[in-house]
Amino acid sequence: MLAGKRIVLGVSGGIAAYKAVELCRRLVDAGAHVIPIMTNAATRFVGETTFNALASEPVLTSLWDEDSPIPHTLLGQSADAVVVAPATARLIGAYAAGISSDLLTATLLATAAPVIVCPAMHTEMWEHPAVQENLATLRRRGVIVVDAEPGRLAGGDIGKGRLASPATIVATVQRAIGPHDMDGLRVVVTAGGTREAIDPVRVISNRSTGKQGYALAAAAHARGADVVLVSTVDREPPPGVTMVSVESAAEMADVVVPRIADTDVLIMAAAVADFRPANPADRKLKKGEAIEAIPLAPTHDFLVDIGARKPAHLTLVGFAAETENLEENARGKLERKNLDLIVANDVSMPNVGFAHDTNEVVIIGPGLRRPVPLADKSVVADAVLDAVVAARAR
Ligand code: CTP
């Protein structure tokens, strides 16, 4: 999502500067071209060499150490985003007041690109009205402030003032840069295999790990959507995504179905069980009971219900995990469930589907057949969302 984007990473002088190293690496990993600027004070906390080694260009520290007399205007004009992490109280104050005392503040004042400011400081400074008023001023001007988080601070104190996590900052940069083609859309993504109780201890489940659903939720958030992830997986949601945890198919239906009136896009990436134990025991079954069979009953296919009463505003996307006759089976489900799109994957192929970081799919809809060759699940997620955006434009 950040491929080819020019990101100026400003590092000011706080102890959290060491975390900007990890942030720099993650931005580069996401495909960005990262140009680091350090303030003088920042160079006391982390070595320039570290950023030289990890960023896409050598670190810049001064208005005066380049041949160009106007590095700040060039940087400001060419950047797709400027990220300041950590942003100290001084840096925030100078930026809010429009004082360009060094290369970083000069670049901030010279850019029209989205600016993401990530404060980090001791709690007393964070809570000081001067800092909060400066941050309010920046927010009012359209600057994105990634709030400091509570936690352990330098010196061992506990309080608010920690730099947000690199994952949160990268997600914020992605959303700021766009594309903004899902702005304001209310998206629900389901993820993971449902677990159907045999007794209070045991379940019947499947091999789904939820990775494709999580990638879809992160990508939809990056494109501007308000995302709810309905997940069976015990894993933190992507930054900015609201998660509702469920276990069984029935619980998933109870969360998803009442939301349909307020949902623009439902993506059913979850592997919902087709069968559940017919009579789950309310106590743990003991070894000595010699159980010979577990009678099964079908679960309710709530996607069929939603499709049958699909409101006009809703784009409905299903998944079809198949091991044979991939496209034929997927087309059958597309029609039977009255879906707008179905994402078909052959889970018997190497590196495809359950538990892998990669996937290979065919996205099918009325008049659409888009094969997506083996790629990272985030790439597949964006291809699915491209198809969603195109379907909604029709
Ligand atoms: N699905 C659902 N509720 C179910 C079963 C499936 O909502 N009880 C959804 C899945 O989330 C998926 C789509 O329906 O988006 C297709 O699921 P899949 O298991 O591939 O197909 P089934 O309809 O269950 O058909 P089959 O088991 O015959 O392949």
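What counts and what doesn't
Residues numbered from 1 in each chain as written. Predicted model: local features only at pLDDT ≥ 70, side-chain atom pairs only at ≥ 80, totals over all residues. Heavy atoms only, no water. Near = heavy atom within 4 Å. Polar contact = N/O pair within 3.5 Å; in protein donor to acceptor, adjacent residues only side chain to side chain. Areas by Shrake-Rupley, 256 points an atom, 1.4 Å probe, with all protein chains shown as cover. Helix = DSSP H or I, 4+ residues; strand = E, 2+ residues; numbered from the N terminus. Pairing = 2+ DSSP bridges. Axes fitted to C-alpha atoms, helices over the stretch in contact; angles between N-to-C directions. Parallel < 35°, antiparallel > 145°, perpendicular 65-115°, else oblique. Left-handed = near helix turned anticlockwise from the far one by under 90°. Contact = heavy atoms within 4.5 Å. Nonpolar A, V, L, I, M, F, W, Y, C, P; charged D, E, K, R; others polar. Patch = residues over 30% accessible without salt bridge, like charges linked within 9 Å, V, L, I, M, F, W, Y side chains within 5 Å. Salt bridge = Lys/Arg side-chain N within 4 Å of Asp/Glu carboxyl O. Buried < 20%, exposed > 50% of the residue type's maximum accessible area, 1.4 Å probe, protein only.

Draft legend 1. Molecular detail of the site of the ligand. In the vicinity of the ligand lie 16 residues, with Met-268, Ala-270, Asp-274, Lys-333 and Lys-337 positioned nearest. One of the backbone nitrogen or oxygen atoms of Met-268 is found 2.8 Å away from an oxygen atom of the ligand. Side-chain polar atom of Thr-299 to a nitrogen atom of the ligand: 3.3 Å apart, as the coordinates give it. The protein chains hide 79% of the 580 Å² of surface that the ligand would expose on its own. When contributions to the shell around the ligand are tallied by element, the ones reaching two or more residues are helix H12 (302–308) and strand E16 (315–322). The element that contributes the greatest number of residues to the shell around the ligand is E16, accounting for four residues.

Draft legend 2. Region of interest: the sheet that holds E16. Spatial strand order, E12-E11-E8-E13-E16-E17-E18-E19: eight strands in an open sheet with mixed pairing. The open sheet has two edge strands, strand E12 (242–245) and strand E19 (368–376), and neither has a second partner. Across the sheet, the mean angle from the axis of one strand to that of its neighbour is 15°, orientation sign disregarded. Bridge count for strand E8 (residues 186–191) against strand E11 (residues 226–231) is six bridges, and the pairing is parallel. Bridge assignment links Arg-186 to a residue of E11, and that residue is Asp-226.

Draft legend 3. Representation of the packing of helix H10 (residues 211–222) against helix H14 (residues 377–393) within the structure. Interaxial distance between H10 and H14 falls to 8 Å at its minimum, and their mutual angle equals 60°. The pairing of H10 with H14 is recorded here as oblique in orientation. When the axes of H10 and H14 are compared, the crossing they make is right-handed. The segment H10 lies against H14, with Lys-211, Gln-212, Ala-215, Leu-216, Ala-219 and Ala-220 engaging Lys-377, Ser-378, Val-380, Ala-381, Asp-382, Val-384 and Leu-385. Along the lines of polarity and charge, the residues of the contact of H10 with H14 split into eight nonpolar, two polar and three charged.

Draft legend 4. Inspection of a nonpolar patch on the surface at higher detail. There is a patch of nonpolar side chains on the surface, built from Phe-275, Ile-291, Ile-294 and Leu-296 and spanning about 380 Å² of accessible area. Take Ile-294: it is sitting in the loop between strand E14 (275–277) and strand E15 (296–298). Residue classification places Ile-294 among the partly exposed residues on the basis of a relative accessible area of 42%.

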